[in-house]
Amino acid sequence: MFLKVSRFSVGLRALWWCLVLLNACGTGAKATAYPYTVYRGTFVHFPRLNSSLSKPELARKQGVLWVSSGDGRIKGYDWQVRDDSSFQSFLSRHGWTDADVTTNDNAGPSAKVKVVESVDERNEFFFPGFIDTHIHAPQFPNTGLFGSAGLLDWLNEYTFPLEASFGSKSDPNNQETDPKDTPPEGLRVYDQVVARTLAHGTTCASYFATIHVPATNALAALCHSRGQRAFIGRVCMDNRDQSPPYYVDQSADEGLNATKSTIDYIRALDPKGALINPIITPRFAPSCSIHSLTGLGKLAASYNPPLRIQTHISETTEEIDLVHQLFPEATSYADVYDKAHLLTSRTILAHGVHLTHNERTLIRERGSKVSHCPASNSALGSGLAPIRIMLDEGLTVGLGTDVSGGYSPSILEAARQACLVSRLLGYSTDFQEMTGNSTSTGHEKLSVEESLYLATRGGAAVVDMADDIGGFDKGMIWDAQLIELGAVNNNTVSPSDVAGVHGFAGRILVKSGPVGNVNLFGNETWQEQIQKWMWSGDDRNVKNVWVQGKLVHTRN
């Protein structure tokens, strides 16, 4: 499934690991240069909601906040700082000086701090980092490939052959653990998916890997070296009747032992779990035996605190029918997981397109969360997830790209697709039967604000980090992105005059201020600028990205 690589693949592997080590060392050096970084300019985020029924509203603040280089957390803010004079007064009060500004040696002792500014003329603003609650890292080369069939056929045609290639031919029983035993092609894919998601502003991702221990460990090591917050899960699948013979755990017990190996590696890599954490990952119920599901539930509960869990649920009606055939003793798809003690307050359930009312009630009672993957559901023809109903019933929902079922690694794309899907939901007969209304009231539609909330605060709650990421409250971790929409074109020359002189007006107009596909004309409110960004923005608008207070991506 991969493009062929050169005969220097062994050298590529060695070079890759050198880069991992250098990147890790370099990141640490930069982060400890100054005790604080002061961010100055415009900040846009969602304040915490008072209740599950409250509607999210964006807040825009201008001033400064400062982040400790020690723990990467926001230590304070001052929204009274509006100009250069008040900024200098602010620095003086704290005994700080801008590290990039030359000062008078006789000015007295002061600590140097790094200053990062957003530029108003370029319509820049700081925004919380995006949280991808469901993404398959090894599937990245298949992005945009769906075939002509549905989910189950797509898995066999595209997904399983690609994922199988991440294993070592010399290790058919999956006994190796060293990340360096990952095929060079797999390392290249993982390097690219982490780089691309960071470039799209994703500061935190919950990754499905493959069944292979070395490759799963390599993904964890690469996320750690690049500085992306990640939950890494070795995929468990031991049901030989529902898995291809070339890509399956040898047994439930061997699968559990392999999962323990990846957990041990990740916990040794990041003992405090500051960036990288393991996550128990049964692929989905049909690919696992009861013994495997139950064992994974016990494994998650054996740690303190219990490990996070991620899996799929009710993505398609065909899948649901298969679950009923394989697990006749269960009352529902959700009940299969519940009987195995896999429905916990730290469980992420991807999709949930066709959940019944009783299943949604059970999921809410267990405190489990839902990852909404609208782009994937539309691309594979899985259905329209009734997110408004889930939210009204008190479920916690975030967004996932579901690469490669989803065609884009961008959570911003997932946010706009969430809006679009919700606008079609009222025409669905299933939704009409669910609500008892043959005509839409419009309540089911998600607003721009609600979709962006799901991309940030919602995702933070889904990965059980609501107190740490997703917003700019004091004490929260600085996982953030600097968005640049571009300047407004204030050219005083008439386009018709330009055309008369140069013969083609676009020759000058194309050099004007907008960045990417976002076009501003100067009469938009800040809320309207955010709307334009959500509908038209992409990675070209992501200027910088920070995770845990460290700069991890800068746009070229």
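The protein chain appears in an unreviewed UniProt entry as Probable guanine deaminase from Aspergillus novofumigatus. The Cofactor (unreviewed entry) comment attached to the protein chain in UniProt states, word for word, "Zn(2+)". The Catalytic activity (unreviewed entry) comment attached to the protein chain in UniProt states, word for word, "guanine + H2O + H(+) = xanthine + NH4(+)".

(A) Region of interest: the overall build of the protein chain. Check the secondary structure of the protein chain and you find 18 helices and 18 strands. When each of the 556 residues of the protein chain is scored for burial, the buried share is 56%. Restricting the contact set of the protein chain to residue pairs at least 6 apart, pairs at least 24 apart contribute 74%.

(B) Fine view of the packing of aromatic side chains. In total, this model carries 26 aromatic pairs according to the counting rule given. On the basis of an interplanar angle of 55 degrees and a centroid distance of 5.5 Å, the ring pair of Phe-43 and Trp-79 is categorised as tilted. Highlighted residues: Phe-43 in strand S1 (residues 36-45) and Trp-79 in the loop between strand S3 (74-78) and helix H2 (84-94), separated in sequence by 36 residues. Trp-79 carries the same exposure label as Phe-43, and that label is buried. Members of the aromatic cluster, joined through ring pairs, are Tyr-39, Phe-43, Tyr-77, Trp-79, Phe-126, Phe-472, Trp-478 and Trp-546.

(C) Seen up close, the packing of helix H4 (residues 184-199) against helix H5 (residues 213-226). Running from N to C, H4 and H5 point in directions that differ by 40 degrees, and their axes come no closer than 10 Å. Note that H4 runs across H5; the crossing there is right-handed. Residues Leu-187, Tyr-190, Asp-191, Val-194, Ala-195 and Leu-198 of H4 pack against Ala-215, Ala-218, Leu-219, Leu-222, Cys-223 and Arg-226 of H5. Among the residues forming the contact of H4 with H5, the class breakdown is 10 nonpolar, no polar and 2 charged.

(D) Focus on empty space enclosed by the protein. Enumeration according to the criterion identifies 2 cavities of 30 Å³ or more in this entry. In terms of residues, the lining of the largest cavity owes the most to one element, helix H3 (residues 151-164), which gives 3 residues. Among the residues making up the lining of the largest cavity, the classes are represented as 4 nonpolar, 4 polar and 3 charged. Taken as a whole, the second largest cavity holds about 30 Å³ of empty space. Every residue along the wall of the second largest cavity is listed here: Ile-232, Arg-234, Thr-259, Thr-262, Ile-263, Ile-266, Pro-278, Ile-279, Ile-280 and Thr-281. Mapped by element, the contributors of at least two residues to the lining of the second largest cavity are helix H6 (252-269) and strand S11 (276-282). For the lining of the second largest cavity, a count of residues per class yields 6 nonpolar, 3 polar and 1 charged.

(E) Here's a closer look at unusual backbone geometry. That bond from Asn-304 to Pro-305 is cis: its omega, 0 degrees, falls within 30 degrees of zero. Take Pro-305: it is sitting in the loop between helix H7 (290-301) and strand S12 (308-313). A positive phi is found at Ser-314, a non-glycine position, where the angle reads about 45 degrees. Despite not being glycine, His-351 has its phi angle at roughly 90 degrees, a positive value. Within the fold, His-351 resides in strand S13 (residues 347-351). Given a relative accessible area of 0%, His-351 falls into the buried group.

(F) Structural view of the nonpolar core. Core analysis: the biggest nonpolar cluster contains 107 residues, and Phe-127, Tyr-207, Tyr-337, Leu-452 and Trp-533 have the highest contact counts within it. The greatest single-element share of this core, amounting to 8 residues, is contributed by H3. Two domains each donate at least three residues to this core, and these are domain 1 (35-101 + 109-129 + 471-490 + 508-555) and domain 2 (130-463). Residue contacts for Tyr-337: discarding those within four places in its chain leaves Phe-284, Ala-285, Leu-293, Thr-311, His-312, Ile-313, Leu-342, Leu-343 and Leu-349. Of all hydrophobic cores here, the second largest spans 13 residues; its members include Leu-65, Ile-74, Val-116 and Trp-478.

(G) Broad picture of H5. Over its 14 residues, H5 runs 20 Å from end to end, which matches the ideal 20 Å to within 8%, given 1.5 Å per residue. With 12 of 14 residues buried, H5 lies mostly within the body of the structure. Every buried residue belonging to H5 is among Val-213, Pro-214, Ala-215, Thr-216, Asn-217, Ala-218, Leu-219, Ala-220, Ala-221, Leu-222, Cys-223 and Ser-225, and all of these are buried.

(H) View of helix H10 (residues 357-366). Here H10 has its buried residues at Glu-359, Arg-360, Thr-361, Leu-362 and Ile-363. Of the residues flanking the end of H10, it is Gly-367, one or two places downstream, whose phi is positive at about 80 degrees.

(I) Layout of the pairing of strand S7 (residues 130-136). Within S7, 7 of the 7 residues are buried, which leaves the element mostly enclosed by the surrounding structure. Relative to strand S8 (residues 202-208), S7 runs parallel, the two sharing 5 bridges. Its bridge partner being in S8, His-136 is matched across the sheet by Phe-208.

(J) Spatial organisation of a negative patch on the surface. Together, Asp-153, Glu-157, Glu-318 and Asp-321 make up a negatively charged patch on the protein surface. Where the negative patch is concerned, the elements lending two or more residues are H3 and helix H8 (317-326). Here Glu-157 lies in helix H3.

Cut-off values and rules
- Residues numbered from 1 in each chain as written.
- Predicted model: local features only at pLDDT ≥ 70, side-chain atom pairs only at ≥ 80, totals over all residues.
- Heavy atoms only, no water.
- UniProt positions renumbered as here; feature names shortened; annotations may be inferred.
- Helix = DSSP H or I, 4+ residues; strand = E, 2+ residues; numbered from the N terminus.
- Buried < 20%, exposed > 50% of the residue type's maximum accessible area, 1.4 Å probe, protein only.
- Contact = heavy atoms within 4.5 Å.
- Phe/Tyr/Trp six-rings, centres within 6.5 Å; stacked < 30°, edge-to-face > 60°.
- Axes fitted to C-alpha atoms, helices over the stretch in contact; angles between N-to-C directions.
- Left-handed = near helix turned anticlockwise from the far one by under 90°.
- Nonpolar A, V, L, I, M, F, W, Y, C, P; charged D, E, K, R; others polar.
- 1 Å grid on protein atoms, 1.4 Å probe; cavity = no way out; pocket = protein on both sides within 12 Å on 5 of 7 lines; lining within 4 Å.
- Points joined across faces, edges and corners; volume = space filled by probe spheres on them.
- Core = buried A, V, L, I, M, F, W, Y, C linked by side-chain atoms within 4.5 Å.
- Domains from an automatic or database assignment.
- Expected span 1.5 Å × (residues − 1).
- Pairing = 2+ DSSP bridges.
- Patch = residues over 30% accessible without salt bridge, like charges linked within 9 Å, V, L, I, M, F, W, Y side chains within 5 Å.
- Areas by Shrake-Rupley, 256 points an atom, 1.4 Å probe, with all protein chains shown as cover.
- Salt bridge = Lys/Arg side-chain N within 4 Å of Asp/Glu carboxyl O.
- Lys, Arg positive; Asp, Glu negative; His and termini not counted.
- Charge placed at Lys NZ, Arg CZ, Asp CG, Glu CD.

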